[in-house]
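Chain and residue survey
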Amino acid sequence: MLKGQKALVTGANSGIGKATAIALGRAGADVVVNYVAGREDAEKVAEEITSFGGRAAVYEADVSDEDQVVAMLDRMIQDFGTIDILVANAGLQRDAPFTEMTLAQWQKVLDVNLTGQFLCAREATKEFLRRGVVPEVSSAAGKIVCMSSVHQLIPWAGHANYATSKGGLQMMMETLAQELAPQKIRVNAVAPGAIKTPINRSAWETPEARADLLRLIPYRRIGDPEDIANAVVGLSSDLMDYVVGTTLYVDGGMTLFPGFATGG
Ligand code: BGC
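The following refers to the structure shown. (Residues numbered from 1 in each chain as written. Predicted model: local features only at pLDDT ≥ 70, side-chain atom pairs only at ≥ 80, totals over all residues. Heavy atoms only, no water.)

1. A few points about the packing of helix 4 (residues 103-131) against helix 5 (residues 160-180)
Cut-off, in case you're wondering: Orientation is described by axes fitted as lines to C-alpha atoms, over the contacting stretch for helices, and by angles from 0 to 180 degrees between their N-to-C directions. Under the DSSP-based scheme used, a helix requires at least four consecutive residues in state H or I and a strand at least two consecutive residues in state E, with every element numbered from the N terminus. Angles are sorted into four bins: roughly parallel if under 35 degrees, roughly antiparallel if over 145, roughly perpendicular if 65 to 115, and oblique for all others. Left-handed is the label given to a crossing in which the near helix is rotated counterclockwise from the far helix by less than a right angle, and right-handed is the label when the rotation is clockwise. Throughout, a residue-residue contact means that at least one pair of heavy atoms, one from each residue, lies within 4.5 Å.
Running from N to C, helix 4 and helix 5 point in directions that differ by 15°, and their axes come no closer than 8 Å. By the angle between their axes, helix 4 is roughly parallel relative to helix 5. Every pair of crossing elements has a handedness; the one defined by helix 4 and helix 5 is right-handed. Facing Gln105, Trp106, Val109, Leu110, Asn113, Leu114, Gln117, Phe118, Ala121 and Thr125 of helix 4, the residues of helix 5 in contact are Ala160, Asn161, Tyr162, Thr164, Ser165, Lys166, Gly168, Leu169, Met172, Leu176 and Leu180.

Pasting the structure below:
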């Protein structure tokens with residue numbers, strides 16, 4: 001489905017990024033596996049992609065550092081020739097009750113989750129515009145998939161920095177989509193709900209936490225990273241060529257106000 005396309009996935013050494021890199025590779029793309037810490041894990045992801053015939057490389061870069069992002073895209077263009085798909089996935093949480101939230105916690109989350117996506121999208125877009133559409137490869141000049149969250153919509157007490165970063169990301173994604181669509185660049189987002197990854201281990205690790213969490217999910221299943229990876233592959237492919245500026249919620253119904261299933 002993505003044969004001949006070159007994809008960059010940020011934060012691809014674990015969780016959703018890892019599953020996404022592997023799924024893109026399985027769909028035929030060559031993949032750059034970005035990480036900021038955890039080189040061995042990133043290398044395992046790359047090995048898995050090469051094991052089924054794809055090409056993969058591992059690049060270290062902090063997405064919130066402008067020079068490192070510029071260097072990463074330069075290197076990708078040198079090594080792979082171009083970029084067709086950016087999955088701006090790297091993200092983190094630094095949770096705290098509001099009055100205890102430090103400026104450092106606030107800033108770190110905004111820097112990685114929001115500024116990091118801005119920098120990666122900007123650098124990828126420069127290459128999409130330089131190259132333009134190559135019809136044998138894809139109907140679009142480039143595809144950007146922003147990894148958002150149900151918390152671009154659902155306010156989240158104790159996570160003001162994280163929810164704000166995702167709320168901002170929605171407007172950035174939609175603005176870029178509007179600005180870049182005439183140049184045949186498709187920008188979209190995937191908004192995961194509760195997915196079993198290291199970022200939210202405490203929410204699914206114990207039976208009590210799991211039961212609490214499942215009450216928030218009408219489909220009564222905690223998501224797997226592959227649920228998100230499949231959505232990213234779909235949005236990146238020409239099957240979804242007319243999908244522009246959309247957020248695809250992949251959340252088992254978490255955004256359907258499950259508290260109102262009874263009562264109201
Ligand atoms: C957060 C997780 C959380 C999920 C649902 C995600 O964006 O990173 O920690 O479990 O949203 O609330």
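2. Structural notes on the packing of aromatic side chains
Two numbers describe a pair of aromatic rings. These are the distance of the centres and the angle of the planes. Keep this limit in mind: Only Phe, Tyr and Trp rings take part, Trp by its six-membered ring, and two of them pair if their centres are within 6.5 Å. Stacked means planes under 30 degrees apart, edge-to-face means over 60, and tilted covers everything else. Throughout this description, buried means an accessible area under 20% of the type-specific maximum (1.4 Å probe, protein chains only), exposed means over 50%, and partly exposed covers the range between. Criterion for a charge above a ring: Arg CZ or Lys NZ at most 6 Å from the ring centre, at most 35 degrees from the ring normal.
Going through the model one piece at a time under the given rule, you end up with two aromatic pairs. For the ring pair Trp156 and Tyr162, a centre distance of 5.7 Å and an interplane angle of 70° mean the geometry is edge-to-face. Note on Tyr162: relative accessible area 9%, which makes it buried. The ring of Phe80 has Arg55 lying over it, and the distance from NZ or CZ to the ring centre is 4.0 Å.

3. Looking at the side chain of Thr125
Note the following rule: Whenever a nitrogen or oxygen atom comes within 3.5 Å of another N or O atom, the pair is scored as a polar contact, on the condition that within protein one atom can donate a hydrogen and the other can accept it, and that pairs from neighbouring residues in sequence are kept only if both atoms are in side chains.
Among the secondary structure elements, Thr125 is positioned in helix 4. A polar side-chain atom of Thr125 sits 2.6 Å from the main-chain carbonyl oxygen of Ala121. Not counting residues within four places of it along the chain, the set of residues in contact with Thr125 comprises Ile144, Leu180 and Ile185.

4. So, the site of the ligand
Selection rule: Working definition: residue near molecule or strand if any one of its non-hydrogen atoms lies within 4 Å of it. Think of it as three bins: nonpolar holds Ala, Val, Leu, Ile, Met, Phe, Trp, Tyr, Cys and Pro, charged holds Asp, Glu, Lys and Arg, and polar takes everything else, Gly as well.
All residues in the neighbourhood of the ligand are listed as Gln93, Ser149, His151, Trp156, Tyr162, Gly193, Ala194, Ile199, Asn200 and Met254. Contacts to the ligand include Ser149, whose side-chain N or O atom sits 2.7 Å from an oxygen atom. Of the residues contributing to the shell around the ligand, the split by class is five nonpolar, five polar and no charged.

5. Focus: the pattern of salt bridges
Rules: Think of a salt bridge as a Lys or Arg side-chain nitrogen and an Asp or Glu carboxyl oxygen that are within 4 Å of each other.
Per the stated rule, a full pass over the model turns up 13 salt bridges. For the salt bridge of Arg122 with Glu66, the shortest nitrogen-to-oxygen distance reads 2.8 Å. With a gap of 56 residues between them, Arg122 in helix 4 and Glu66 in helix 3 (residues 66-80) connect regions that are remote in the sequence. A salt bridge links Asp84 to Arg131, with the shortest nitrogen-to-oxygen separation between them at 3.8 Å. In this pair, Asp84 is assigned in the loop between helix 3 and strand 4 (85-88) and Arg131 in helix 4, connecting sequence segments 47 residues apart. Here Asp84 falls in the buried class, since its relative accessible area comes to 6%. Residues joined by salt bridges that share partners form a network here, namely Glu66, Arg122, Glu123 and Lys126.

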